[in-house]
Amino acid sequence: MFRKVAIIGGGAAAATLVSELLERRTTQPLHLYWYTGDGSGRGIAYGTRSPHHLLNVRAASMGMFASKPQGFLEYAQAADPTVSGSDFLPRRLYGEYLESRVAQAMAKASASGHEVRQIPFTVDSLVPEPSGVTVGYGDESNQTDAAVLAIGSLPPRSLPGVDADVIASGRYITDPWPFLANAEPDERPLRVLVIGLGLTAVDVLLDLSERWPNATFTALSRHGLLPEAHLSAASAPAGDGAELVEALEDDPNIRMWIARLREATEHADDWRVVTDSLRSVTSKLWTLLPDEQRSRFLRHARWAWERARHRMPPQVAESIAAMEKAGRFLRGRGRMQTVKLADDGSLSVTRVKPGGVKETASFDVVVQTVGLNTDTLRTEHPLVRQLVTNGHARPEALGLGFAAQANGALLDGDGKPRPNLFAIGTLLRGALWESTAMPEIRVQARNLADTLLRDQG
Ligand SMILES: Cc1cc2nc3c(=O)[nH]c(=O)nc-3n(C[C@H](O)[C@H](O)[C@H](O)COP(=O)(O)OP(=O)(O)OC[C@H]3O[C@@H](n4cnc5c(N)ncnc54)[C@H](O)[C@@H]3O)c2cc1C
């Protein structure tokens, strides 16, 4: 087993792995060095204070430990017995749950001889060698046996076509989360454009429409479609989906998979039942797809899968529908081509509509919400750049994080798995595809804890 382990990241994935490790009985005490950067264990998703930001996964599925998927539900019910497993609870409450479980695991750990040092620093460099990993932060460095990157997704980059003076104006928002955390109330009749229409766009719309009561919103995406909504009650899979999974496994081909899914949907009470029945096997199915089929999926089917997989709670869908009905929110199809600063100070946005027609409109604020950045080759993230530039880790071929094994071991420049450098979470998308939400992260944390604590022989 690795006795000295560095865990890098201040979000839910790091918190889950630390707690999972501390809960284990080991033959020798563990020394964990937890570099939390600017996070507190809640990360972006659960650091919100807004009561409107709801979990998009039901309470019964949000437990932090793979061995106790109902853990969050029990926590919530201890404070409010009326909470049900099918509820979508505030993300703020989930942040409290994470913190309380970490505190519990830490208290237990000292009793079993484990040591955890929480280091509120950003790690700048990792140098893996056969004897261990050197962790560099500021002017300090530390020698550990192994290191785990739990750094979430990469900082978003502005889309091509946005002029430098637009960025300098401060009214083109590339990263919505710090912006939402600090956006002041404003009574002006602002015209806001949101680029992208996933769950982040939905959060932005709900949040800003309240803080900016006289603003109007337009959202632009390739298909102009919102994420699908969850049913109000949990939809139980009709069977175990084994037959469908077997058919998909037999022929790993995207066109065939879409046909099979359509067929299964026709026979189900609701299409969500089919999508949900695949959740626990999605990563396994992804590993069966050859690269060329994966890029086909990314080009043609990804948007539809994301809409169906990452759904809005019903009450959120109702709020958005009410905004549309009241004329405060419009959806448009197309691709943003340019954003320029106009003479009157507004942001002039040209989009290309389906069919190639261009249209230009003026906005006061533009918020970019185009999904998670996992491009490790082109990122400015200092630690990721250091790892890639020095050949310690390799970008995944399709831009989906790091090249890695399914157990999280990063591949070196020659494509060999590193024995002591791992990742968990979004940057494993290339290896696992679904690798961002808690139901997947907790399973990764359990498996990674097994790997880290396994007898090295
Ligand atoms: C708005 C939103 C809502 C979501 N809702 C849900 C939901 O309802 N259910 C669900 O299951 N999932 C949800 N998710 C998915 C969510 O991403 C995961 O559940 C989880 O929060 C991911 O945590 P993470 O630790 O991997 O990443 P993050 O939360 O991004 O944390 C990464 C941390 O690492 C730190 N870091 C980066 N680089 C370094 C470094 N060099 N040194 C030290 N620290 C560093 C960062 O500062 C950050 O604190 C949501 C995501 C978002 C963005």
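Computed from a predicted structure; not experimentally measured.

Engineer: Sorry if this is basic, but what is going on with helix α7 (residues 199-211) here?
Structural biologist: Each turn of an α-helix holds 3.6 residues, which means side chains three or four residues apart point in the same direction. With 13 residues, α7 should cover 18 Å at 1.5 Å per step; its first-to-last C-alpha distance of 19 Å lies within 8% of that length. Every buried residue of α7 is listed here: Ala-201, Val-202, Asp-203, Val-204, Leu-205, Leu-206, Asp-207, Leu-208 and Ser-209.

Engineer: Looking at this structure, how should I read the sheet that holds strand β7 (residues 146-149)?
Structural biologist: Strand pairs in the sheet, formed through backbone hydrogen bonds, run parallel or antiparallel to each other. In space, the 6 strands of this open sheet follow the order β3-β2-β1-β7-β17-β16, with mixed pairing throughout. Whereas interior strands pair on both sides, the edge strands pair on one side only; in this sheet they are β3 (115-119) and β16 (409-411). In this sheet, adjacent strand axes meet at a mean angle of 30 degrees when their direction is disregarded. Sheet strands in contact with helix α1 (residues 12-23) are β1 (4-8), β2 (31-35), β3 and β7, and its direction is about 170 degrees off that of β2.

Engineer: Hey, could you run me through the domain arrangement of the protein chain in this one?
Structural biologist: Put simply, an interface is often sized by how much accessible area is lost when its parts join up. When cut into domains, the protein chain gives domain 1 (4-155 + 373-453), domain 2 (164-229 + 311-368) and domain 3 (242-309). Placing a centre on the C-alpha atoms of domain 1 and another on those of domain 3 gives a separation of 27 Å. Contact residues are listed per partner, giving 12 residues for domain 1 and 14 residues for domain 3. Summed over both sides, the interface of domain 1 with domain 3 buries roughly 1,100 Å², with 56% coming from carbon and sulfur. For the domain 1 face of the interface with domain 3, the top three residues by lost area are Leu-398, Trp-433 and Glu-434, together amounting to 51%. Where domain 1 meets domain 3, there are 2 salt bridges. With a shortest N-O distance of 3.6 Å, Glu-306 and Arg-429 are connected by a salt bridge. For the interface between domain 1 and domain 3, the tally reads 5 residue pairs in polar contact (both at pLDDT 80 or more). Within the residue set of the side of domain 1 that touches domain 3, elements represented by two or more residues are α15 (429-432) and α16 (438-453). Per-element tally for the side of domain 1 that touches domain 3: the top contributor is α15, with 4 residues.

Engineer: I would appreciate a short explanation of the site of the ligand in the present structure.
Structural biologist: Around the ligand, 35 residues are found, and the nearest of them are Asp-38, Tyr-46, Asn-56, Thr-436 and Met-438. At a separation of 2.7 Å, an oxygen atom of the ligand approaches a polar backbone atom of Asn-56. Taking 980 Å² as the accessible area of the ligand by itself, protein coverage stands at 88%. Elements with a contribution of two residues or more to the shell around the ligand: α1, α2 (43-46) and α16. Within the shell around the ligand, the residues separate by chemical class into 20 nonpolar, 12 polar and 3 charged.

Engineer: Can you help me understand the pairing of strand β14 (residues 358-363) in this one?
Structural biologist: Successive residues of a regular strand alternate their side chains across the two faces of the sheet. Pairing between strand β13 (residues 347-352) and β14: 6 bridges, direction antiparallel. Bridge assignment links Arg-351 to a residue of β14, and that residue is Glu-359. Here β13 folds back onto β14 in antiparallel fashion, the turn holding 5 residues, of which Gly-355 has a positive phi close to 95 degrees.

Engineer: Help me understand unusual backbone geometry, please; the structure alone is not making it clear to me.
Structural biologist: Comment: phi is negative for the bulk of residues other than glycine, and the bulk of peptide bonds are trans. At Trp-433, a position not held by glycine, the phi torsion is positive, near 60 degrees. Structurally, Trp-433 is set in the loop between α15 and α16.

Engineer: Teacher, can you tell me more about the packing of α7 against helix α13 (residues 314-325) here?
Structural biologist: Two quantities define a packed helix pair, namely the angle between the axes and the distance from one axis to the other. One way to put it is that α7 packs onto α13 with a least axis distance of 11 Å and a crossing angle of 65 degrees. Of the two possible hands of crossing, α7 and α13 adopt the one that is left-handed. When α7 is examined against α13, the residues Val-202, Leu-205, Leu-206 and Ser-209 are found in contact with a partner set consisting of Val-316, Ser-319, Ile-320 and Met-323. For the contact of α7 with α13, the per-class residue count stands at 6 nonpolar, 2 polar and no charged.

Engineer: Can you walk me through the sheet that holds strand β4 (residues 125-129) in this structure?
Structural biologist: One open sheet accounts for 3 strands, arranged β4-β5-β6; its pairing is antiparallel. Edge positions in the sheet fall to β4 and β6 (140-144), since each of these pairs with one other strand and no more. Going across the sheet, the axis of each strand differs from the next one's by a mean of 15 degrees, ignoring polarity.

Engineer: Honestly, the side chain of Arg-351 in this entry has me stumped. Any pointers?
Structural biologist: Inspection of the secondary structure assignment puts Arg-351 in strand β13. By relative accessible area, which is 16% here, Arg-351 ends up buried. From its side chain, Arg-351 meets the backbone oxygen of Arg-333 in a polar contact 2.5 Å long. Dropping the residues within four chain positions of it, Arg-351 is found in contact with Leu-220, Gly-332, Arg-333, Arg-335, Met-336, Gln-337, Val-357, Lys-358 and Glu-359.

What counts and how
Residues numbered from 1 in each chain as written. Predicted model: local features only at pLDDT ≥ 70, side-chain atom pairs only at ≥ 80, totals over all residues. Heavy atoms only, no water. Helix = DSSP H or I, 4+ residues; strand = E, 2+ residues; numbered from the N terminus. Expected span 1.5 Å × (residues − 1). Buried < 20%, exposed > 50% of the residue type's maximum accessible area, 1.4 Å probe, protein only. Pairing = 2+ DSSP bridges. Axes fitted to C-alpha atoms, helices over the stretch in contact; angles between N-to-C directions. Contact = heavy atoms within 4.5 Å. Domains from an automatic or database assignment. Buried area = accessible area lost by both parts, 1.4 Å probe. Salt bridge = Lys/Arg side-chain N within 4 Å of Asp/Glu carboxyl O. Polar contact = N/O pair within 3.5 Å; in protein donor to acceptor, adjacent residues only side chain to side chain. Near = heavy atom within 4 Å. Areas by Shrake-Rupley, 256 points an atom, 1.4 Å probe, with all protein chains shown as cover. Nonpolar A, V, L, I, M, F, W, Y, C, P; charged D, E, K, R; others polar. Left-handed = near helix turned anticlockwise from the far one by under 90°.

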